[in-house]
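Here is what each chain is made of, one letter per residue.
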Amino acid sequence: MRLAIVGLLCAREVRSSVRHRWSLVGALAFALLAVAVAHLGMSGAAQWGVSAFDRTSAALLNLVLLFVPLLALPLGATSFSGEMEDGTLSYLVAQPLTRAEVFVGKLCGLLAAMTLSLLLGFGCAAIFLGARGDVSIQAFATMAAGAWLLGVVSTAIGVLLSIVARTRSRALTAAVGAWLLLVFLCDFGVLALAATQALGANALFGVSLVNPLQATKMLSALSISDRLEVLGPVGVHAVRELGRPALAGVLCATLAAWTLVTSSTALSLFRRENLT
Amino acid sequence: MIRIRGLAVRLSSRDILQGVDLDVARGESVALVGANGAGKTTLLRCLLGLVRHTGSISVGGIDLARDAVGVKRQLGYMPQVPAFCEESARAALTFVAKLRGASVDEIPALLERVGLSAHAHRPVRAFSAGMKQRLSLAAALLGDPPVLVLDEPTASLDVEGQTELVRLLGELVRGGRTLLLSSHRAEEIAALARRVVVLHEGRVKESRTIGSTYEGEPVLAPVSRLRRVAGGAA
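Thresholds, definitions, all that
Residues numbered from 1 in each chain as written. Chains lettered and ligands numbered in written order. Predicted model: local features only at pLDDT ≥ 70, side-chain atom pairs only at ≥ 80, totals over all residues. Helix = DSSP H or I, 4+ residues; strand = E, 2+ residues; numbered from the N terminus. Rg over C-alpha atoms; globule rule 2.2 N^0.38 Å. Buried ≥ 20, exposed ≤ 12 C-beta atoms within 10 Å, placed from the backbone. Contact = placed C-beta atoms within 7 Å. Pairing = 2+ DSSP bridges. Axes fitted to C-alpha atoms, helices over the stretch in contact; angles between N-to-C directions. Nonpolar A, V, L, I, M, F, W, Y, C, P; charged D, E, K, R; others polar. Core = buried A, V, L, I, M, F, W, Y, C linked by C-beta atoms within 7 Å. Parallel < 35°, antiparallel > 145°, perpendicular 65-115°, else oblique.

J.: Would you mind going over the overall build of chain A in detail, with residue names and values included?
T.: The helix and strand tally for chain A stands at eleven helices and zero strands. Counting from the amino terminus, helix and strand elements in chain A follow one another as α-α-α-α-α-α-α-α-α-α-α. Relative to its length of 276 residues, chain A is compact, with a C-alpha radius of gyration of 20 Å against a globular reference of 19 Å. With respect to the principal axes defined by its C-alpha atoms, chain A has extents near 60 × 50 × 30 Å. Looking at chain A as a whole, 49% of its 276 residues qualify as buried. Long-range pairs, those at least 24 residues apart, make up 80% of the contacts in chain A between residues at least 6 apart in sequence.

Laid out in structure tokens, this is it:
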């Protein structure tokens, strides 16, 4: 694989994402919401006398879990499908490049665009929180890193949907469906399983990891607070069984596995795709 | 220059191409003709590595299955509808030049050749269809590939655009460039091709050289037919 070609395609994808404005609008919306959430969290803290950053972080974490997949899934979903429809992808693949170079270049560009969006959002929140004081930089950075990992997984899922769906409208529909599944339906599924199958704590922990959102939530919660109850009963059980460092490792490995499996499946499908 | 043997493509449970054999000599200009769905575009796409197929394809002695990048380096591709997302004509050509490993120093001369020098820094989205197609031709010529693959190059152009593009392509043919094009336009085929390959339901039905005069050429019958329909001279 020629890195110069990958870099060229990556830079083009970033320019294209900025021009299509989805990532830019998403970044600005995320920045606004992050500042609003931070402001509300800190106001409440002053009134009720609780730890300001804990409240703010918890609110920011919930925003991240809702918003990051909403930003990254459509970004990935429209990338390949849109260019399949307008012929750009055929034109690129017809040049003296390998399909792997095209895929990796585009994926890297999408990840870079997603990273820039999150940097803008978290940057605004960080400036606002920094100006108000009472910020744990380490906890904030860990949460931002967790959000980035979730963004990477969501982008990879979006790309997979994009290649399978082949058209922009179908890919966007699939992306919205995936978002609903990850954000809402998976939790209901876990609850239903717990209620009907009488799963033990270990099994429930395993089932929770199937959803990358849950893995991100636990990973971020681990860094935000020393109080175990923020992890929920399954998280508390996992900390007691594995310890904090090992649990963090398991959660990071889960997110990495999600990224690897979805990206390599997408690459494998793209290699076999007929660009008609 | 191009050697295709036993090419077959099956898409959505339908045979698009069935056992196609085709040879194109160096410097030859060949037109693929046939009804919609005959397999013209699919054949070109197989050559460019865009569609999975069985059978063998080689260009300049390089086997597509073994070295797709090497084959694609020999080919300049001009799609029916150009797809440039770069801001300006020059930026679009710079991007393609870097992808093809061609020198960006070629760009001013190519823009001049296709008559777009004055528009080098204009946004491509503001170009007319004819200008986009000429830009696409300039991109196809980057790196001076020995073979041009053209998929219905004038299909979306008005008469003026067709005339200008056919003039440019004619220069390339006279200069000895190998040309493989698919087309529905009899005038374009008459102007550019020295041989026509008729595809019918995914098979080569006929391959024949066009004489210096086109009288009585069955594949060019549409010209006469259109003239008759329009009430002009047959």
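J.: Describe the sheet that holds strand E9 (residues 195-200) of chain B, listing the residues and the values that go with them.
T.: What links the strands of a sheet is backbone hydrogen bonding, and the strands pair in either a parallel or an antiparallel sense. Residues and elements named next belong to chain B. Spatial ordering of the open sheet is given by E6-E7-E8-E3-E9-E10, a layout of six strands whose pairing is mixed. Sheet topology places strand E6 (75-78) and strand E10 (203-209) at the edges, where each strand pairs with a single neighbour. The average undirected angle you get between the axes of adjacent strands in this sheet is 15°. Pairing geometry for strand E3 (residues 29-33) and E9, over four bridges, is parallel. Opposite Val-30, over in E9, you have Arg-195 as the bridge partner. Lying on the sheet, helix H5 (residues 129-141) is in contact with E6 and strand E7 (147-151); it crosses E6 at an angle near 165°.

J.: Summarise the interface of chain B and chain A; cite the residues concerned and give the values.
T.: Taken residue by residue, the interface counts 20 residues in chain B and 19 residues in chain A. Among the elements that make up the side of chain B that touches chain A, the one with the highest residue count is helix H3 (residues 89-100) of chain B (five residues). For the side of chain B that touches chain A, a count of residues per class yields 13 nonpolar, one polar and six charged.

J.: Describe the nonpolar core, with residues and values.
T.: If you look at the biggest cluster of nonpolar residues, it comprises 150 residues, and the most contacted ones within it are Leu-135, Ala-138 and Val-149 of chain B. Here the element with the most residues in this core is helix H6 (residues 137-165) of chain A; it accounts for 16 residues. If we ignore the near neighbours within four places in the chain, the residues touching Val-149 of chain B are Leu-44, Leu-47, Leu-48, Leu-75, Gly-76, Tyr-77 and Leu-180 of chain B.

J.: So what's going on with the environment of Ser-23 of chain A? Residues and values would help.
T.: Residue and element names in this part refer to chain A. Relative to the assigned elements, Ser-23 resides in helix H2 (residues 22-48). Separated by 51 residues in sequence, Ser-23 and Pro-74 place their C-alpha atoms 9.4 Å apart. Excluding its chain neighbours within four sequence positions, the residues that come into contact with Ser-23 are Ser-17, Val-18, Leu-75, Ala-113, Met-114, Leu-116 and Ser-117.

J.: Help me get a handle on unusual backbone geometry, residues and values and all.
T.: All names here are of chain B. One non-glycine residue, Ser-13, adopts positive backbone phi at about 60°. The residue Ser-13 is located in the loop between strand E1 (2-11) and strand E2 (14-24) in this model. Residue Asp-144 is not a glycine yet carries a positive backbone phi of 50°. Asp-144 sits in the exposed class, given 12 other C-beta atoms within 10 Å.

J.: So what's going on with the packing of helix H8 (residues 201-209) of chain A against helix H10 (residues 232-242) of chain A? Residues and values would help.
T.: Residues and elements named next belong to chain A. Two numbers describe how H8 lies on H10: the axes approach to 9 Å, and their chain directions differ by 110°. Relative to H10, the element H8 is oriented roughly perpendicular. Here Ala-201, Leu-204, Phe-205 and Ser-208 of H8 lie close against H10, whose contacting residues are Val-234, His-237 and Ala-238. For the contact of H8 with H10, the residue count by class is five nonpolar, two polar and no charged.

J.: Give me the lowdown on the sheet that holds strand E5 (residues 62-63) of chain B, citing residues and values where you can.
T.: Residue and element names in this part refer to chain B. Spatially, the four strands line up as an open sheet ordered E2-E1-E4-E5, and their pairing is antiparallel. For this open sheet the edge positions go to E2 and E5, each flanked by a neighbour on one side alone. In this structure, strand E4 (residues 54-59) lies alongside E5, joined through two bridges in antiparallel fashion. Bridged to Ser-58 within E5 is Asp-63.

Keep in mind that these numbers describe shape and distance, not what the molecule does.
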